[in-house]
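Here are the chains, one letter per residue:
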Amino acid sequence: MDSQANRLGVLLFGPPASGKDTVTATLTQQDQRYRQFERLKVGTGRTAGYRMGDPELLEELRASGAVVYENSRYDSVYVTDRPGLDEAFAHSVPVMHLGQIDGVRAVHDGYPAQWLTVLLWSPREVTEARSTGRGDADTPARLAAWDATRADLDDNPDFRFDLTIRTDEVGPEAAAEQIRQALAASRSDGDLVLVDFDDTLIDRLAAVTAWVTGYCTEHCLGPAVEQRMLEAMRVRADLDVIEALCVELGLPDSPSELWSRYEPELAALVAPFPGVLEALTAVREAGHHVVVVTNGGAQIQRAKLAASGIADVVDAICISGETGIRKPARGAFEIAAASVGRDLLQGGWMIGDNADLDVAGGRAAGLRTIWISHGRVWPGGVKPDVVASTAVEALRHVGGSR
(Lines give C-alpha, C1' and ligand atoms only; values in the text may rest on other atoms or scores of the structure.)
Protein backbone atom coordinates (compact mmCIF):
# COMPACT_ATOMS: atom_id res chain seq x y z
CA MET A 1 0.00 0.00 0.00
CA ASP A 2 2.56 2.53 -1.11
CA SER A 3 0.31 5.08 -2.81
CA GLN A 4 -2.53 7.24 -1.62
CA ALA A 5 -4.98 5.55 -4.00
CA ASN A 6 -4.22 2.16 -2.45
CA ARG A 7 -4.29 3.35 1.16
CA LEU A 8 -7.79 2.72 2.46
CA GLY A 9 -8.69 3.74 6.01
CA VAL A 10 -11.72 4.40 8.21
CA LEU A 11 -12.15 7.24 10.72
CA LEU A 12 -14.87 6.44 13.28
CA PHE A 13 -16.35 9.29 15.30
CA GLY A 14 -19.18 9.06 17.79
CA PRO A 15 -20.28 9.51 21.39
CA PRO A 16 -19.64 6.94 24.14
CA ALA A 17 -21.47 3.62 23.74
CA SER A 18 -22.25 4.35 20.08
CA GLY A 19 -20.62 1.05 19.09
CA LYS A 20 -17.14 1.97 17.85
CA ASP A 21 -15.51 -1.08 19.46
CA THR A 22 -18.32 -3.43 18.45
CA VAL A 23 -18.48 -2.24 14.84
CA THR A 24 -14.69 -2.42 14.52
CA ALA A 25 -14.64 -5.96 15.89
CA THR A 26 -17.37 -6.93 13.43
CA LEU A 27 -15.45 -5.37 10.55
CA THR A 28 -12.42 -7.48 11.50
CA GLN A 29 -14.57 -10.61 11.66
CA GLN A 30 -15.99 -9.92 8.20
CA ASP A 31 -12.63 -9.04 6.67
CA GLN A 32 -9.35 -9.54 8.53
CA ARG A 33 -7.71 -6.70 6.65
CA TYR A 34 -9.63 -4.28 8.88
CA ARG A 35 -7.73 -3.63 12.12
CA GLN A 36 -8.18 -1.01 14.81
CA PHE A 37 -5.35 1.50 14.74
CA GLU A 38 -3.50 1.60 18.03
CA ARG A 39 -2.61 5.18 18.89
CA LEU A 40 0.57 5.99 20.77
CA LYS A 41 -0.08 6.71 24.44
CA VAL A 42 2.28 8.58 26.69
CA GLY A 43 1.08 8.35 30.28
CA THR A 44 -0.30 5.90 32.83
CA GLY A 45 -3.40 3.79 33.20
CA ARG A 46 -4.90 1.50 30.61
CA THR A 47 -2.44 -0.02 28.11
CA ALA A 48 -4.71 -2.36 26.11
CA GLY A 49 -5.36 -1.02 22.62
CA TYR A 50 -2.43 1.41 22.66
CA ARG A 51 1.24 1.52 21.75
CA MET A 52 2.93 2.82 24.86
CA GLY A 53 5.66 5.46 24.61
CA ASP A 54 7.62 7.83 26.81
CA PRO A 55 8.04 11.65 26.84
CA GLU A 56 11.35 11.42 25.00
CA LEU A 57 9.76 9.58 22.07
CA LEU A 58 6.92 12.11 21.98
CA GLU A 59 9.38 15.01 21.77
CA GLU A 60 11.25 13.27 18.94
CA LEU A 61 8.02 12.82 16.98
CA ARG A 62 7.05 16.44 17.51
CA ALA A 63 10.45 17.70 16.50
CA SER A 64 10.49 15.66 13.29
CA GLY A 65 6.94 16.68 12.29
CA ALA A 66 5.72 13.09 12.63
CA VAL A 67 2.72 13.93 14.82
CA VAL A 68 -0.47 14.01 12.75
CA TYR A 69 -2.75 14.66 15.72
CA GLU A 70 -2.51 14.58 19.50
CA ASN A 71 -4.84 15.28 22.37
CA SER A 72 -4.56 15.10 26.15
CA ARG A 73 -6.93 13.69 28.73
CA TYR A 74 -6.67 11.93 32.09
CA ASP A 75 -3.04 13.07 32.45
CA SER A 76 -2.02 11.20 29.29
CA VAL A 77 -1.23 12.21 25.71
CA TYR A 78 -2.71 10.25 22.81
CA VAL A 79 -0.86 10.53 19.52
CA THR A 80 -1.64 9.64 15.91
CA ASP A 81 1.83 9.43 14.39
CA ARG A 82 3.10 9.01 10.85
CA PRO A 83 5.36 6.01 11.56
CA GLY A 84 2.46 4.20 13.22
CA LEU A 85 0.15 4.94 10.30
CA ASP A 86 2.79 3.89 7.77
CA GLU A 87 3.12 0.55 9.54
CA ALA A 88 -0.65 0.09 9.82
CA PHE A 89 -1.32 0.81 6.14
CA ALA A 90 1.43 -1.60 5.12
CA HIS A 91 -0.49 -4.52 6.61
CA SER A 92 -4.15 -3.57 7.01
CA VAL A 93 -7.07 -1.23 6.47
CA PRO A 94 -6.74 0.86 9.64
CA VAL A 95 -9.87 1.76 11.60
CA MET A 96 -9.22 4.75 13.86
CA HIS A 97 -11.43 5.88 16.72
CA LEU A 98 -11.49 9.62 17.27
CA GLY A 99 -13.43 11.66 19.80
CA GLN A 100 -12.99 15.15 18.35
CA ILE A 101 -13.88 16.52 14.93
CA ASP A 102 -10.62 18.46 15.00
CA GLY A 103 -8.91 15.07 15.13
CA VAL A 104 -10.93 13.75 12.22
CA ARG A 105 -10.01 16.84 10.18
CA ALA A 106 -6.35 16.62 11.16
CA VAL A 107 -5.96 12.97 10.16
CA HIS A 108 -8.10 13.23 7.04
CA ASP A 109 -6.21 16.28 5.78
CA GLY A 110 -2.80 15.54 7.26
CA TYR A 111 -2.13 11.97 6.18
CA PRO A 112 -2.60 11.06 2.49
CA ALA A 113 -5.02 8.15 2.11
CA GLN A 114 -8.50 7.26 0.91
CA TRP A 115 -10.18 7.99 4.25
CA LEU A 116 -13.83 7.16 4.87
CA THR A 117 -15.25 9.35 7.65
CA VAL A 118 -18.05 7.66 9.59
CA LEU A 119 -20.31 9.09 12.28
CA LEU A 120 -21.69 6.38 14.56
CA TRP A 121 -24.59 7.92 16.40
CA SER A 122 -26.96 6.93 19.19
CA PRO A 123 -29.20 9.16 21.35
CA ARG A 124 -28.22 10.20 24.87
CA GLU A 125 -30.77 7.89 26.47
CA VAL A 126 -29.29 4.95 24.55
CA THR A 127 -25.81 5.80 25.84
CA GLU A 128 -27.18 5.91 29.37
CA ALA A 129 -29.06 2.62 29.00
CA ARG A 130 -26.09 0.81 27.46
CA SER A 131 -23.65 2.12 30.04
CA THR A 132 -25.95 1.27 32.94
CA GLY A 133 -26.80 -2.12 31.48
CA ARG A 134 -23.18 -3.23 31.30
CA GLY A 135 -22.41 -1.97 34.80
CA ASP A 136 -20.10 0.96 33.98
CA ALA A 137 -18.97 2.83 37.07
CA ASP A 138 -18.48 6.07 35.11
CA THR A 139 -21.89 6.50 33.46
CA PRO A 140 -22.11 10.21 34.47
CA ALA A 141 -18.73 10.84 32.82
CA ARG A 142 -19.91 9.06 29.67
CA LEU A 143 -23.03 11.21 29.53
CA ALA A 144 -20.88 14.30 29.92
CA ALA A 145 -18.77 13.05 27.01
CA TRP A 146 -21.96 12.53 24.99
CA ASP A 147 -22.89 16.15 25.65
CA ALA A 148 -19.42 17.25 24.54
CA THR A 149 -19.72 15.21 21.33
CA ARG A 150 -23.08 16.80 20.55
CA ALA A 151 -21.61 20.24 21.16
CA ASP A 152 -18.63 19.39 18.93
CA LEU A 153 -20.98 18.54 16.07
CA ASP A 154 -22.98 21.72 16.62
CA ASP A 155 -19.77 23.77 16.59
CA ASN A 156 -18.71 22.26 13.24
CA PRO A 157 -21.82 22.52 11.03
CA ASP A 158 -19.66 22.65 7.90
CA PHE A 159 -18.15 19.21 8.46
CA ARG A 160 -19.87 16.43 6.53
CA PHE A 161 -19.24 12.76 7.23
CA ASP A 162 -19.11 10.35 4.30
CA LEU A 163 -21.42 7.97 6.15
CA THR A 164 -23.72 8.30 9.16
CA ILE A 165 -25.03 5.17 10.91
CA ARG A 166 -27.61 5.14 13.70
CA THR A 167 -26.39 2.23 15.82
CA ASP A 168 -29.62 2.19 17.82
CA GLU A 169 -31.39 1.29 14.55
CA VAL A 170 -28.73 -0.70 12.67
CA GLY A 171 -26.99 -3.78 14.05
CA PRO A 172 -23.19 -4.17 14.03
CA GLU A 173 -23.17 -6.62 11.10
CA ALA A 174 -25.20 -4.30 8.90
CA ALA A 175 -23.17 -1.27 10.04
CA ALA A 176 -19.91 -3.01 9.20
CA GLU A 177 -21.24 -4.02 5.80
CA GLN A 178 -22.28 -0.43 5.07
CA ILE A 179 -18.77 0.74 5.91
CA ARG A 180 -17.17 -1.90 3.70
CA GLN A 181 -19.42 -1.04 0.76
CA ALA A 182 -18.91 2.71 1.17
CA LEU A 183 -15.14 2.30 1.34
CA ALA A 184 -15.17 0.08 -1.75
CA ALA A 185 -17.21 2.72 -3.57
CA SER A 186 -14.63 5.39 -2.72
CA ARG A 187 -11.81 3.50 -4.39
CA SER A 188 -12.21 5.22 -7.73
CA ASP A 189 -14.44 7.40 -9.86
CA GLY A 190 -15.65 4.47 -11.96
CA ASP A 191 -19.18 4.18 -13.30
CA LEU A 192 -22.16 2.69 -11.51
CA VAL A 193 -23.10 -0.50 -13.37
CA LEU A 194 -26.47 -2.02 -12.50
CA VAL A 195 -27.14 -5.44 -13.99
CA ASP A 196 -30.28 -7.55 -14.16
CA PHE A 197 -29.93 -11.19 -13.09
CA ASP A 198 -32.42 -13.65 -14.59
CA ASP A 199 -31.91 -14.26 -18.33
CA THR A 200 -29.24 -11.55 -18.36
CA LEU A 201 -26.43 -13.11 -16.34
CA ILE A 202 -27.90 -16.61 -15.99
CA ASP A 203 -30.00 -18.75 -18.32
CA ARG A 204 -33.00 -18.94 -16.03
CA LEU A 205 -35.33 -20.25 -18.73
CA ALA A 206 -33.04 -23.22 -19.39
CA ALA A 207 -32.93 -24.04 -15.68
CA VAL A 208 -36.72 -23.76 -15.28
CA THR A 209 -37.26 -25.92 -18.38
CA ALA A 210 -34.90 -28.59 -17.05
CA TRP A 211 -36.61 -28.59 -13.67
CA VAL A 212 -40.14 -28.84 -15.11
CA THR A 213 -39.10 -31.64 -17.44
CA GLY A 214 -37.45 -33.53 -14.59
CA TYR A 215 -40.45 -33.11 -12.31
CA CYS A 216 -42.94 -34.25 -14.92
CA THR A 217 -40.80 -37.25 -15.86
CA GLU A 218 -40.48 -38.23 -12.19
CA HIS A 219 -44.26 -38.26 -11.75
CA CYS A 220 -45.16 -39.58 -15.22
CA LEU A 221 -47.04 -36.40 -16.09
CA GLY A 222 -47.85 -35.92 -19.77
CA PRO A 223 -46.57 -33.33 -22.23
CA ALA A 224 -49.68 -31.20 -21.82
CA VAL A 225 -49.01 -30.77 -18.09
CA GLU A 226 -45.33 -30.09 -18.78
CA GLN A 227 -46.20 -27.44 -21.34
CA ARG A 228 -48.70 -25.75 -19.02
CA MET A 229 -46.23 -25.66 -16.10
CA LEU A 230 -43.51 -24.20 -18.29
CA GLU A 231 -45.91 -21.64 -19.72
CA ALA A 232 -46.87 -20.48 -16.21
CA MET A 233 -43.33 -20.51 -14.79
CA ARG A 234 -41.22 -19.24 -17.71
CA VAL A 235 -41.34 -15.55 -16.69
CA ARG A 236 -41.98 -15.69 -12.96
CA ALA A 237 -42.38 -18.58 -10.52
CA ASP A 238 -43.28 -17.82 -6.93
CA LEU A 239 -45.45 -19.52 -4.31
CA ASP A 240 -48.60 -17.96 -5.80
CA VAL A 241 -47.83 -19.45 -9.20
CA ILE A 242 -47.05 -22.85 -7.65
CA GLU A 243 -50.30 -22.83 -5.67
CA ALA A 244 -52.33 -21.99 -8.79
CA LEU A 245 -50.68 -24.82 -10.77
CA CYS A 246 -51.32 -27.34 -8.01
CA VAL A 247 -55.02 -26.47 -8.03
CA GLU A 248 -55.35 -26.29 -11.82
CA LEU A 249 -53.40 -29.46 -12.67
CA GLY A 250 -53.95 -31.56 -9.55
CA LEU A 251 -50.20 -32.04 -9.07
CA PRO A 252 -49.13 -34.85 -6.71
CA ASP A 253 -47.38 -32.48 -4.26
CA SER A 254 -48.96 -29.84 -2.06
CA PRO A 255 -48.01 -26.23 -2.84
CA SER A 256 -45.69 -26.05 0.19
CA GLU A 257 -44.03 -29.39 -0.67
CA LEU A 258 -43.53 -28.38 -4.29
CA TRP A 259 -42.14 -24.95 -3.38
CA SER A 260 -39.77 -26.36 -0.75
CA ARG A 261 -38.13 -28.61 -3.34
CA TYR A 262 -38.32 -26.14 -6.25
CA GLU A 263 -36.10 -23.49 -4.61
CA PRO A 264 -32.98 -25.60 -3.92
CA GLU A 265 -33.37 -27.78 -7.00
CA LEU A 266 -33.65 -24.80 -9.34
CA ALA A 267 -30.63 -23.13 -7.72
CA ALA A 268 -28.60 -26.27 -8.40
CA LEU A 269 -29.54 -26.09 -12.08
CA VAL A 270 -28.71 -22.43 -12.80
CA ALA A 271 -25.46 -21.44 -14.43
CA PRO A 272 -24.09 -18.12 -15.70
CA PHE A 273 -23.90 -17.59 -19.42
CA PRO A 274 -20.38 -18.38 -20.71
CA GLY A 275 -17.85 -15.67 -19.86
CA VAL A 276 -20.13 -13.76 -17.48
CA LEU A 277 -18.09 -14.30 -14.31
CA GLU A 278 -14.91 -13.20 -16.04
CA ALA A 279 -16.61 -10.16 -17.60
CA LEU A 280 -18.06 -9.03 -14.24
CA THR A 281 -14.65 -9.40 -12.62
CA ALA A 282 -13.01 -7.35 -15.36
CA VAL A 283 -15.53 -4.51 -14.99
CA ARG A 284 -14.89 -4.32 -11.23
CA GLU A 285 -11.13 -4.43 -11.74
CA ALA A 286 -11.51 -1.48 -14.10
CA GLY A 287 -12.80 0.50 -11.11
CA HIS A 288 -16.54 0.35 -11.78
CA HIS A 289 -19.14 -0.48 -9.11
CA VAL A 290 -21.28 -3.47 -10.07
CA VAL A 291 -24.67 -4.11 -8.48
CA VAL A 292 -27.14 -6.85 -9.34
CA VAL A 293 -30.69 -5.44 -9.21
CA THR A 294 -33.37 -8.06 -9.62
CA ASN A 295 -37.04 -8.65 -8.98
CA GLY A 296 -37.98 -11.81 -7.12
CA GLY A 297 -38.11 -13.52 -3.75
CA ALA A 298 -35.13 -13.01 -1.48
CA GLN A 299 -34.46 -16.63 -0.60
CA ILE A 300 -34.59 -18.14 -4.07
CA GLN A 301 -32.66 -15.26 -5.68
CA ARG A 302 -29.93 -15.43 -3.03
CA ALA A 303 -29.67 -19.18 -3.54
CA LYS A 304 -29.33 -18.76 -7.31
CA LEU A 305 -26.81 -15.94 -6.98
CA ALA A 306 -24.66 -18.04 -4.65
CA ALA A 307 -24.93 -21.24 -6.72
CA SER A 308 -24.02 -19.44 -9.95
CA GLY A 309 -20.96 -17.77 -8.39
CA ILE A 310 -22.24 -14.31 -9.29
CA ALA A 311 -22.63 -13.25 -5.65
CA ASP A 312 -18.84 -13.50 -5.30
CA VAL A 313 -17.94 -11.18 -8.19
CA VAL A 314 -20.21 -8.15 -7.66
CA ASP A 315 -20.11 -5.29 -5.16
CA ALA A 316 -23.72 -5.51 -3.97
CA ILE A 317 -27.05 -7.24 -4.56
CA CYS A 318 -30.50 -5.63 -4.43
CA ILE A 319 -33.55 -7.93 -4.54
CA SER A 320 -37.11 -6.63 -4.62
CA GLY A 321 -38.11 -9.28 -2.09
CA GLU A 322 -35.77 -7.60 0.40
CA THR A 323 -36.16 -3.94 -0.53
CA GLY A 324 -39.91 -4.01 -1.17
CA ILE A 325 -39.51 -2.10 -4.45
CA ARG A 326 -39.64 -3.76 -7.87
CA LYS A 327 -38.19 -2.57 -11.15
CA PRO A 328 -39.12 -0.44 -13.07
CA ALA A 329 -39.85 1.82 -10.05
CA ARG A 330 -37.18 4.50 -9.63
CA GLY A 331 -36.73 3.50 -6.01
CA ALA A 332 -35.30 0.13 -7.03
CA PHE A 333 -32.49 1.87 -8.90
CA GLU A 334 -31.97 4.43 -6.11
CA ILE A 335 -31.50 1.68 -3.53
CA ALA A 336 -29.09 -0.16 -5.81
CA ALA A 337 -26.99 2.98 -6.34
CA ALA A 338 -26.96 3.77 -2.62
CA SER A 339 -25.74 0.25 -1.81
CA VAL A 340 -22.32 1.25 -3.19
CA GLY A 341 -22.39 4.83 -1.97
CA ARG A 342 -23.56 6.32 -5.26
CA ASP A 343 -26.40 8.60 -6.35
CA LEU A 344 -28.42 8.38 -9.54
CA LEU A 345 -27.49 11.99 -10.23
CA GLN A 346 -23.96 10.69 -10.88
CA GLY A 347 -25.29 8.59 -13.75
CA GLY A 348 -24.34 5.06 -14.69
CA TRP A 349 -25.53 2.05 -16.66
CA MET A 350 -28.45 -0.37 -16.47
CA ILE A 351 -27.97 -3.67 -18.31
CA GLY A 352 -30.82 -6.12 -18.82
CA ASP A 353 -32.92 -8.22 -21.15
CA ASN A 354 -36.34 -6.71 -20.33
CA ALA A 355 -37.40 -3.73 -22.42
CA ASP A 356 -39.81 -2.38 -19.80
CA LEU A 357 -38.18 -3.23 -16.47
CA ASP A 358 -34.55 -2.64 -17.43
CA VAL A 359 -34.50 -0.27 -20.39
CA ALA A 360 -37.54 1.95 -19.80
CA GLY A 361 -37.04 1.79 -16.02
CA GLY A 362 -33.34 2.54 -16.28
CA ARG A 363 -33.83 5.44 -18.67
CA ALA A 364 -36.53 6.95 -16.41
CA ALA A 365 -34.03 6.76 -13.54
CA GLY A 366 -31.50 8.76 -15.59
CA LEU A 367 -29.23 5.84 -16.48
CA ARG A 368 -27.71 4.85 -19.79
CA THR A 369 -29.10 1.48 -20.83
CA ILE A 370 -27.98 -1.63 -22.66
CA TRP A 371 -30.56 -4.11 -23.87
CA ILE A 372 -29.52 -7.78 -24.07
CA SER A 373 -31.24 -9.01 -27.23
CA HIS A 374 -30.32 -12.73 -27.25
CA GLY A 375 -30.93 -12.46 -30.99
CA ARG A 376 -34.38 -10.87 -30.67
CA VAL A 377 -35.69 -7.83 -32.53
CA TRP A 378 -36.23 -4.71 -30.40
CA PRO A 379 -39.93 -4.79 -29.40
CA GLY A 380 -40.39 -1.02 -29.46
CA GLY A 381 -40.82 1.67 -26.86
CA VAL A 382 -38.10 3.71 -25.16
CA LYS A 383 -34.93 2.78 -27.01
CA PRO A 384 -31.76 1.63 -25.25
CA ASP A 385 -28.48 3.46 -25.71
CA VAL A 386 -26.82 0.23 -26.79
CA VAL A 387 -28.07 -3.15 -28.00
CA ALA A 388 -25.84 -6.13 -27.18
CA SER A 389 -26.43 -9.75 -28.04
CA THR A 390 -25.10 -11.02 -24.70
CA ALA A 391 -24.24 -9.75 -21.23
CA VAL A 392 -20.57 -10.36 -21.94
CA GLU A 393 -20.73 -8.02 -24.92
CA ALA A 394 -22.54 -5.42 -22.80
CA LEU A 395 -20.05 -5.66 -19.96
CA ARG A 396 -17.13 -5.30 -22.34
CA HIS A 397 -18.73 -2.13 -23.69
CA VAL A 398 -19.14 -0.71 -20.17
CA GLY A 399 -15.64 -1.79 -19.11
CA GLY A 400 -14.10 0.23 -21.91
CA SER A 401 -16.31 3.31 -21.51
CA ARG A 402 -14.40 5.24 -18.80
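Criteria and thresholds
Residues numbered from 1 in each chain as written. Predicted model: local features only at pLDDT ≥ 70, side-chain atom pairs only at ≥ 80, totals over all residues. Heavy atoms only, no water. Helix = DSSP H or I, 4+ residues; strand = E, 2+ residues; numbered from the N terminus. Buried < 20%, exposed > 50% of the residue type's maximum accessible area, 1.4 Å probe, protein only. Lys, Arg positive; Asp, Glu negative; His and termini not counted. Salt bridge = Lys/Arg side-chain N within 4 Å of Asp/Glu carboxyl O. Polar contact = N/O pair within 3.5 Å; in protein donor to acceptor, adjacent residues only side chain to side chain. Contact = heavy atoms within 4.5 Å. Pairing = 2+ DSSP bridges. Axes fitted to C-alpha atoms, helices over the stretch in contact; angles between N-to-C directions.

Mapped onto the secondary structure, Asp152 falls in helix H6 (residues 139-155). Buried within the structure, Asp152 lacks any salt-bridge partner; its nearest side chain of opposite charge belongs to Arg105, at an N-O separation of 7.6 Å. From its side chain, Asp152 meets the backbone nitrogen of Ile101 in a polar contact 2.9 Å long. Those residues in contact with Asp152 that sit more than four places away from it in its chain are Phe13, Gly99, Gln100 and Ile101.

Within the element layout of this structure, Ala271 appears in the loop between helix H11 (255-269) and helix H12 (276-285). Taking C-alpha positions, Ala271 is 6.6 Å from Asp203, a pair spaced 68 residues apart along the chain.

This part covers the pattern of salt bridges. Enumeration according to the criterion identifies 24 salt bridges in this entry. Across the pair Arg261 and Glu265 runs a salt bridge, and its minimum N-O distance is 3.2 Å. Here Arg261 and its partner Glu265 are both found in helix H11, 4 residues apart, which amounts to about one turn of the helix. In this structure Glu265 comes out as partly exposed when scored by relative accessible area, which is 30%. One connected set of salt bridges, linked through shared partners, spans Arg134, Asp136, Asp138 and Arg142.

This part covers the environment of Asp81. With respect to the helices and strands, Asp81 occurs in strand E6 (residues 76-81). Spatially, the C-alpha atom of Asp81 lies 16 Å from that of Val10, the residues being 71 residues apart in sequence. Residues in contact with Asp81, not counting those within four places in the same chain, are Phe37, Leu40, Arg51, Leu61, Ala66 and Val68. A distance of 2.6 Å separates polar atoms of two side chains, one belonging to Asp81 and the other to Arg51.

This part takes up the sheet that holds strand E4 (residues 51-53). Read from one edge of the open sheet, 4 strands run E4-E3-E6-E5, paired in mixed fashion. In the strand order of this sheet, the two ends are held by E4 and strand E5 (67-73), each with one partner. On average, each strand axis in the sheet is tilted by 25° relative to the strand beside it, whichever way the strands run. Sheet topology places E5 next to E6; 6 bridges connect them, and they run antiparallel. Opposite Ser72, over in E6, you have Val77 as the bridge partner.

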